[in-house]
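Listed below are the residues making up each chain.
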Amino acid sequence: MENQREIELQLNRLVQSEEFKNSHRLQALLSYLVTQTLNGNAHLLKGYTIGVDVFERSADFDTNNDPIVRVQAGKLRKKLEHYYLTEGLGDPVRIALPKGTYVPVMESVQAERAVQLPDVPESETKPVKMAIFPFQMLRKEDENYFSAGLTEEISTLLTRYSDITIVGRHALEHFNNVDQSLLLLHQDYGIEYVLTGHILTAADHFRLNLQLIDVQTNATVWAESFSAKMSAASLFAVQEDIAEKVLARVALSYGAINRHRTRQALRKPPKNLTHYEWVLRAYEYIENPTISKHALVRSGLEQTVAKNPDYADAWIMLAWLYGDEYRFAFNRRSEGSALDIALDAATRATTLDPENCRAFQQLAIVHYCRKEIGKFQQAADTALRINSKDAYTLADLGTLYCLIGDWTQGLTMVDKAISLNPLHPDWYFIAKVLHAFINRQYNDALVLALKFRATQFYLFHFFLTLIYIELGREAEAELALNDLLHVYPGFQNQVEENLARIFLDGSLRDALLASWLKISTAFKL
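Residues numbered from 1 in each chain as written. Predicted model: local features only at pLDDT ≥ 70, side-chain atom pairs only at ≥ 80, totals over all residues. Heavy atoms only, no water.

**Looking at the overall build of the protein chain**
Rules: The way it works is that DSSP assigns letters per residue, a run of H or I at least four long becomes a helix, a run of E at least two long becomes a strand, and they are numbered from the N terminus. Note on classification: 1.4 Å probe, protein chains only; a residue is buried when its accessible area is under 20% of the maximum for its type, exposed when over 50%, partly exposed between these limits. We call two residues in contact when some of their heavy atoms are within 4.5 Å. Using the Shrake-Rupley algorithm and a 1.4 Å probe, accessible areas are obtained, with residue cover drawn only from the displayed protein chains.
Per the secondary structure count, the protein chain includes 22 helices and eight strands. Within the protein chain, buried positions represent 53% of all 525 residues. Partitioning the intrachain contacts of the protein chain with sequence separation of at least 6 by distance along the chain shows that 61% fall at a separation of at least 24. Carbon and sulfur atoms provide 49% of the accessible area of the protein chain, an area that totals close to 23,900 Å².

**Considerations on unusual backbone geometry**
The phi dihedral of Glu56 is positive, around 55°, even though this residue is not glycine. Look at Glu56 and you get exposed, because its relative accessible area is 71%.

**A word on the packing of helix α13 (residues 357-369) against helix α14 (residues 373-386)**
Inclusion rule: Fitted lines through C-alpha atoms give the axes, limited to the stretch in contact for helices. The angle between two N-to-C directions lies from 0 to 180 degrees. Orientation labels follow simple angle bins: below 35 degrees gives roughly parallel, above 145 gives roughly antiparallel, 65 to 115 gives roughly perpendicular, and whatever is left gives oblique. Crossing chirality is assigned from the near helix's rotation relative to the far helix, an anticlockwise turn below a right angle marking it left-handed and a clockwise turn marking it right-handed.
With their axes 8 Å apart at the nearest point, α13 and α14 run at an angle of 165° to one another. Relative to α14, the element α13 lies roughly antiparallel. Where α13 crosses over α14, the handedness of that crossing is left-handed. Across from Cys357, Phe360, Gln361, Leu363, Ala364, His367 and Tyr368 in α13, the residues of α14 making contact are Lys375, Phe376, Ala379, Ala380, Thr382, Ala383 and Ile386.

**Here we look at the nonpolar core**
The criterion, for reference: Grouping buried Ala, Val, Leu, Ile, Met, Phe, Trp, Tyr and Cys residues that are joined through side-chain atoms within 4.5 Å yields what is termed a nonpolar core.
Counting residues in hydrophobic clusters, the biggest one holds 136 residues, and the most contacted among them are Met130, Leu195, Leu212, Leu301, Phe462 and Phe503. For this core, the element with the highest residue contribution is helix α11 (residues 312-328), accounting for 11 residues. Ignoring sequence-local partners within four residues, the contact set of Phe503 consists of Tyr368, Leu403, Leu434, Leu459, Phe463, Leu508, Arg509 and Leu512. Core analysis: the second largest hydrophobic core is formed by 29 residues, Ile7, Leu11, Leu26 and Val54 among them.

**Some thoughts on the side chain of Gln72**
Its place among the elements puts Gln72 in helix α4 (residues 68-85). Not counting residues up to four positions away in its chain, the partners in contact with Gln72 are Arg25, Leu26, Leu29 and Phe55.

**Considerations on the pattern of salt bridges**
Opposite charge on two side chains allows them to pair when their charged atoms are near. Rules: Should a side-chain nitrogen of Lys or Arg be within 4 Å of a carboxyl oxygen of Asp or Glu, the pair is scored as a salt bridge.
Considering all chains together, one arrives at 13 salt bridges under this definition. For the salt bridge of Lys293 with Glu284, the shortest nitrogen-to-oxygen distance reads 2.9 Å. Residue Lys293 is classed as partly exposed on the basis of its relative accessible area, which comes to 21%. Glu284 gets classed as buried once you look at its relative accessible area, which sits at 18%. Asp415 serves as the salt-bridge partner of Lys432, at 2.7 Å between the closest nitrogen and oxygen. Linking Lys432 in helix α17 (residues 430-438) with Asp415 in helix α16 (residues 407-420), this pair joins segments that are 17 residues apart in sequence. Connected through shared salt-bridge partners, Asp340, Arg370 and Glu372 make up one network.

**Describing the environment of Val54**
Inspection of the secondary structure puts Val54 in the loop between α3 (47-53) and α4. For the pair formed by Val54 and Leu30, sequence separation is 24 residues and the distance between their alpha carbons is 9.8 Å. Residue contacts for Val54: discarding those within four places in its chain leaves Ala28, Leu29 and Tyr32.

**Comments concerning the environment of Ile386**
With respect to the element layout, Ile386 can be found in helix α14. Residue class for Ile386 comes out buried when judged on its relative accessible area of 15%. Taking the C-alpha atoms as reference, Ile386 lies 9.2 Å from Pro354; in sequence the two are 32 residues apart.

**Concerning helix α10 (residues 291-307)**
Inclusion rule: Here the expected span of a helix is defined as 1.5 Å times the quantity of residues minus one.
Given a rise of 1.5 Å per residue, 17 residues ought to cover 24 Å, and the 25 Å separating the end C-alpha atoms of α10 matches this to within 8%. Within α10, burial applies to Ile291, His294, Ala295, Val297, Arg298, Ser299, Gly300, Leu301, Gln303, Thr304 and Val305.

**Overview of the side chain of His82**
Following the sequence through the fold, His82 ends up in helix α4. Classification of His82 as buried rests on a relative accessible area of 14%. Setting aside residues up to four positions removed in sequence, His82 forms contacts with Glu19, Ile291, His486, Val487 and Pro489.

**Some words on the packing of α17 against helix α22 (residues 506-523)**
Which entries qualify depends on this criterion: Three classes are used: nonpolar for Ala, Val, Leu, Ile, Met, Phe, Trp, Tyr, Cys and Pro, charged for Asp, Glu, Lys and Arg, and polar for all others, with Gly counted as polar.
The contact between α17 and α22 brings their axes to 10 Å, and the two run at 75°. Taken together, the axes of α17 and α22 are roughly perpendicular relative to one another. Together, Leu434, Phe437 and Ile438 of α17 and Ser507, Leu508, Ala511, Leu512 and Ser515 of α22 make up the contact between the two elements. A class-by-class count of the residues in the contact of α17 with α22 yields six nonpolar, two polar and no charged.

**A short note on the confidence of the model for the protein chain**
Selection criterion: The pLDDT value tells you how sure the predictor is about a given residue, anywhere from 0 up to 100.
Confidence in the prediction for the protein chain averages 82 pLDDT; 83% of positions are at 70 or higher. Overall, residues 110-115 carries pLDDT values under 50, and its contacts beyond four positions in sequence, including any with other chains, amount to 14 contacts. Below a pLDDT of 50 lies the segment residues 117-123, which in the model reaches 16 contacts outside its immediate sequence neighbourhood of four places, other chains included.

This is how it looks when you write it as structure tokens:
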């Protein structure tokens, strides 16, 4: 048994928390179970006793005919789980109610709450090193000018990204065979990835087969083929188009390199992650956001910038995470305004790396959340001026343009982002879901919403609930509503406040609220 005073203090935190403050029955049940256990009466915690003592049932109370204790215990169990993922993430004592018993478990939290980062050398935050071997022409009679031009075009585009360094061609001149050179490339130049491929031509068509190889393991990280019709007049346009597609598949936020390195980082315990790996974990969080990931990654990034205050990418990711505190009520803290610290983080990132489009992208998001539309558009324009081919930036800013009612520009940007990167995160579909919804194309909206599979993200269930009610599919709407309230308990009491934080276009917000009214009426919320 833990120190009784610490448990009593934790019980007090729980009953006064936002999670429990409006649940008087659950407050009473939790207090009773904890107090009886502390007093040595855990053996008395049976359904009948609880029903009589807590829920004021009569002496002839029958647990088989009246399930109140089981039902309330189930609700209490879920409330406790949610509390420790949100408000109570850093609490020193955890109180849980295991299934199959009414006896609570109370223990000090041993899991890492504030992640302690290792001391890492400055090189850990330096760019990934990559080499591009000139693509081989499979037919000897073909000229190499197209291969050389395409290699140069891809190299030029990759140099726009501060987190990737391309090793110059002169360093590769004495490496004739890629397979035999991989280990030496890593030993001599620190190269981590090699892009290689070959080109086959037939009449006026060609096919480019590419591979991205992890130098240390010789494993293929990514492979894809590109085909096109080629003429002298279209040569440069074809090279540019393919280079942009390769860039999106390989180098962008959700490209093959980041995905590969993120998978490696996810296998490591938090205490062993480097500064760069915390940035990778942040990208993974953005792709599939959950409350628990948010708290963990935010803690890791805050310690990263404390140890490495000039690391722009970490400040960019922190700006996003602070924004989610405001937008989605993820792990809100009482000290300071989330938007104020988000603005500070984004501004710092633009100062540290003024040619980083993602820094200005995050600055635009913060201004959007602050309802400063002029400043949002100015920061968005700067981000796109720096790099108009970054799929991640296009999709994010395009979605926000849709949410202020500029559907034409917003959807054009989202469509371009999807075409650039077929491996995009599911949230790219949000704008398309909402566009179909506001135009009453509910079947199309459903198809699109089901592509957005973030089941721990409350907006996913919110969209499904509204779409199903508009389609007249009440049974499915009720299931989606139950999922919504499980992920976000109490959402029904804060609908207008939550929508006002995210959707700035009044007509869109009104359409969502009108459908929510149908939900409220149908299910008596």
